[in-house]
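Report on the structure
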Amino acid sequence: METVTTIYKEIFRRLIAAPGQSRAAKTVEAFGWLILVEGAAVLLLPGFAAAVLHLPTLDQQAENYFRLIGLLVSGVGMLYIASGRLNAEGFIFASMLDRPLVPFAMAILWYLDIIPWPLALVFSLQDFGSFLWTLRTWRAERVTRQPQ
């Protein structure tokens, strides 16, 4: 019984503070928490989220699709959180390849009138800003790791 208690103590200790987590991993985790909160807001309060983004009033079917988007966004947020907590260098690097492409994808979706401009702008600024933040910390870590 003592080992089960010890395991749970370790789980909760790692939940509060991840040992050995790099600064770049912390940026990925922070971005994940932001995405998780946004996805939860869309999932649980679709009308409020649409109003904040200045989207047109949602009918029942649009609200349900918007909730599905919130569910998917929350899942991506949890992926970023877990990868940041686990200090997954490969995921950190892969996220720096993916996030700079978001503004181009959003511009195309806006141009084709698939998504409204406020949503495209929010996603573009958020993803590209977090990319720059992670890139800056990742490069700083690489400079400090090099032997002199």
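Given the structure is predicted, the values throughout are model-derived calculations rather than measurements. (Residues numbered from 1 in each chain as written. Predicted model: local features only at pLDDT ≥ 70, side-chain atom pairs only at ≥ 80, totals over all residues. Heavy atoms only, no water.)

**Structural notes on the packing of helix 2 (residues 23-44) against helix 5 (residues 89-98)**
For the pair helix 2 and helix 5, the least separation of the axes is 10 Å and the interaxial angle reads 60°. By crossing handedness, the relation of helix 2 to helix 5 is classed as left-handed. Judged by residue contacts, Ala24, Ala25 and Val28 of helix 2 engage Phe91, Ile92 and Ser95 from helix 5. Its residues placed into classes, the contact of helix 2 with helix 5 shows 5 nonpolar, 1 polar and no charged. (Axes fitted to C-alpha atoms, helices over the stretch in contact; angles between N-to-C directions. Helix = DSSP H or I, 4+ residues; strand = E, 2+ residues; numbered from the N terminus. Left-handed = near helix turned anticlockwise from the far one by under 90°. Contact = heavy atoms within 4.5 Å. Nonpolar A, V, L, I, M, F, W, Y, C, P; charged D, E, K, R; others polar.)

**Describing helix 7 (residues 117-145)**
Relative to the 42 Å expected for 29 residues at 1.5 Å per residue, helix 7 spans 42 Å between its end C-alpha atoms, a close match to the ideal helical length. Residues of helix 7 that are buried: Pro118, Leu119, Ala120, Ser124, Gln126, Asp127, Ser130, Phe131, Thr134, Thr137, Trp138 and Glu141. On its buried face, helix 7 sits against helix 2, helix 5 and helix 6 (102-111). (Expected span 1.5 Å × (residues − 1). Buried < 20%, exposed > 50% of the residue type's maximum accessible area, 1.4 Å probe, protein only.)

**Focus on the environment of glutamine 21**
Tracing the chain through its elements places glutamine 21 in the loop between helix 1 (2-16) and helix 2. Placed 63 residues apart in sequence, glutamine 21 and glycine 84 show a C-alpha to C-alpha distance of 7.6 Å. Polar side-chain contacts of glutamine 21 include one of 2.8 Å to the side chain of glutamate 29. Looking at glutamine 21, its side chain comes within polar contact range of the main-chain oxygen of glycine 84, at 2.8 Å. (Polar contact = N/O pair within 3.5 Å; in protein donor to acceptor, adjacent residues only side chain to side chain.)

**A closer look at helix 4 (residues 60-85)**
With 26 residues, helix 4 should cover 38 Å at 1.5 Å per step; its first-to-last C-alpha distance of 37 Å lies within 8% of that length. Buried residues of helix 4: Glu63, Phe66, Gly70, Val73, Ser74, Gly77, Tyr80, Ile81, Ser83, Gly84 and Arg85, and no others. The positive-phi residue at the C-terminal boundary of helix 4 is asparagine 87, with phi of around 60°.

**Structural notes on the pattern of salt bridges**
Tallied over the entire structure, the rule returns 3 salt bridges. For the salt bridge of glutamate 63 with arginine 67, the shortest nitrogen-to-oxygen distance reads 3.3 Å. Residue glutamate 63 and its partner arginine 67 are both found in helix 4; the two are separated by 4 residues, about one turn of the helix. Residues glutamate 89 and arginine 142 are paired through a salt bridge, measuring 2.8 Å at the closest nitrogen-oxygen approach. Here arginine 142 lies in helix 7 and glutamate 89 lies in helix 5, a separation of 53 residues in the sequence. Assessed through its relative accessible area of 27%, glutamate 89 is described here as partly exposed. Taking relative accessible area as the criterion, arginine 142 reaches 24% and is therefore assigned partly exposed. (Salt bridge = Lys/Arg side-chain N within 4 Å of Asp/Glu carboxyl O.)

**With respect to the packing of aromatic side chains**
Applying the stated criterion across every chain, the model contains 4 aromatic pairs. Their ring planes at 85° and their centres at 5.0 Å tell us that tyrosine 80 and phenylalanine 91 sit as a pair that is edge-to-face. Placement of the pair is tyrosine 80 in helix 4 and phenylalanine 91 in helix 5, with a sequence separation of 11 residues. Take tyrosine 80: its relative accessible area is 7%, and that puts it in the buried class. The class for phenylalanine 91 is partly exposed, based on a relative accessible area of 21%. Ring centres of phenylalanine 93 and tryptophan 138 lie 5.8 Å apart, and the angle between their planes is 45°; this geometry places the pair in the tilted category. Here the residue phenylalanine 93 occupies a position in helix 5, and tryptophan 138 occupies one in helix 7, the gap between them amounting to 45 residues. (Phe/Tyr/Trp six-rings, centres within 6.5 Å; stacked < 30°, edge-to-face > 60°.)

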